[in-house]
Every structure is written in C-alpha cells, then in structure tokens.
Amino acid sequence: MQKGDVIRARFMTLPDLFPGKGCEEKKFPIRKGTVVYVHPKGRYIVAECGGVRETFFPEEVLT
C-alpha cells in the first residue's frame, strides 16, 4: 500500500445518517478513502474520506 492509493474500509468516525436498527454493518458502511500516510514499517495507515482522517491496521482494509 502506498500514499495516494484508494482503499475501502469502515470509517468509524463517519456514521450513516440513518442507521436503521443500529446494526454495526449498517451504522458504519464501507466507504472509499485515499491513503495519506503509511507507517515506515507498514504497521498502520492513515486514510482520508470526506475531509476526515482515520487510522487503520492493514488487516482492516478491504481492498
């Protein structure tokens, strides 16, 4: 994974406006974001979606 790559992940800081029953999958849908930082040893990444940045471990990314 490199800076500038487009990824798909669950951004927990961007909940759905109408979550319905409150299910985790519906409350935090999978969104596309852009990688803005990669840890030098690849331990985590920082991705941005809609102006909000969030950190992810490599196993949390769905690409």
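Anyway, here's the lowdown on the structure attached to this text. (Residues numbered from 1 in each chain as written. Predicted model: local features only at pLDDT ≥ 70, side-chain atom pairs only at ≥ 80, totals over all residues. Heavy atoms only, no water.)

What to know about the sheet that holds strand β3 (residues 45-49)
Strands sit in the order β1-β2-β3-β4 across an open sheet of four strands; the sheet is antiparallel. Two strands close off the open sheet at either side, each with one partner strand: β1 (6-10) and β4 (52-56). Adjacent strand axes in the sheet meet at a mean angle of 45° when their direction is disregarded. Relative to strand β2 (residues 30-38), β1 is paired through five bridges, and the arrangement is antiparallel. What sits directly across from A9, in β2, is R31. (Pairing = 2+ DSSP bridges. Helix = DSSP H or I, 4+ residues; strand = E, 2+ residues; numbered from the N terminus. Axes fitted to C-alpha atoms, helices over the stretch in contact; angles between N-to-C directions.)

Observations concerning the nonpolar core
A general trend in soluble globular proteins is that nonpolar side chains are found buried together. Of all hydrophobic cores here, the largest spans nine residues; its members are I7, A9, F11, V35, I45, A47, C49, F56 and V61. For this core, the secondary structure elements donating two or more residues are β1 and β3. In terms of residue count, the dominant contributor to this core is β3 (three residues). Once residues lying within four places of it in the same chain are set aside, the contact partners of A9 are P29, I30, R31, F56 and E60. (Core = buried A, V, L, I, M, F, W, Y, C linked by side-chain atoms within 4.5 Å. Buried < 20%, exposed > 50% of the residue type's maximum accessible area, 1.4 Å probe, protein only. Contact = heavy atoms within 4.5 Å.)

Focus: the pairing of β2
The sheet contact formed by β2 and β3 spans four bridges and is antiparallel. Pairing of V38 across the sheet is with I45, part of β3. Taking the residues between adjacent antiparallel strands as the criterion, β2 and β3 are bridged by six residues, where G42 takes a positive phi near 75°.

Let's talk about the packing of aromatic side chains
For the structure shown, the criterion picks out two aromatic pairs. Between the aromatic rings of F11 and F56, the centroid separation amounts to 5.0 Å while the plane-to-plane angle is 80°, which identifies the pairing as edge-to-face. Note that F11 is positioned in the loop between β1 and α1 (24-27) and F56 in strand β4, a separation of 45 residues in sequence. Residue F11 shares its accessibility class with F56, and that shared class is buried. Ring geometry for Y37 and Y44: centres 6.1 Å apart, planes at 45°, overall tilted. For Y37, a relative accessible area of 37% puts it in the partly exposed group. Taking relative accessible area as the criterion, Y44 reaches 28% and is therefore assigned partly exposed. (Phe/Tyr/Trp six-rings, centres within 6.5 Å; stacked < 30°, edge-to-face > 60°.)

So, to be careful, I would describe these as geometric facts and stop short of saying anything about function.
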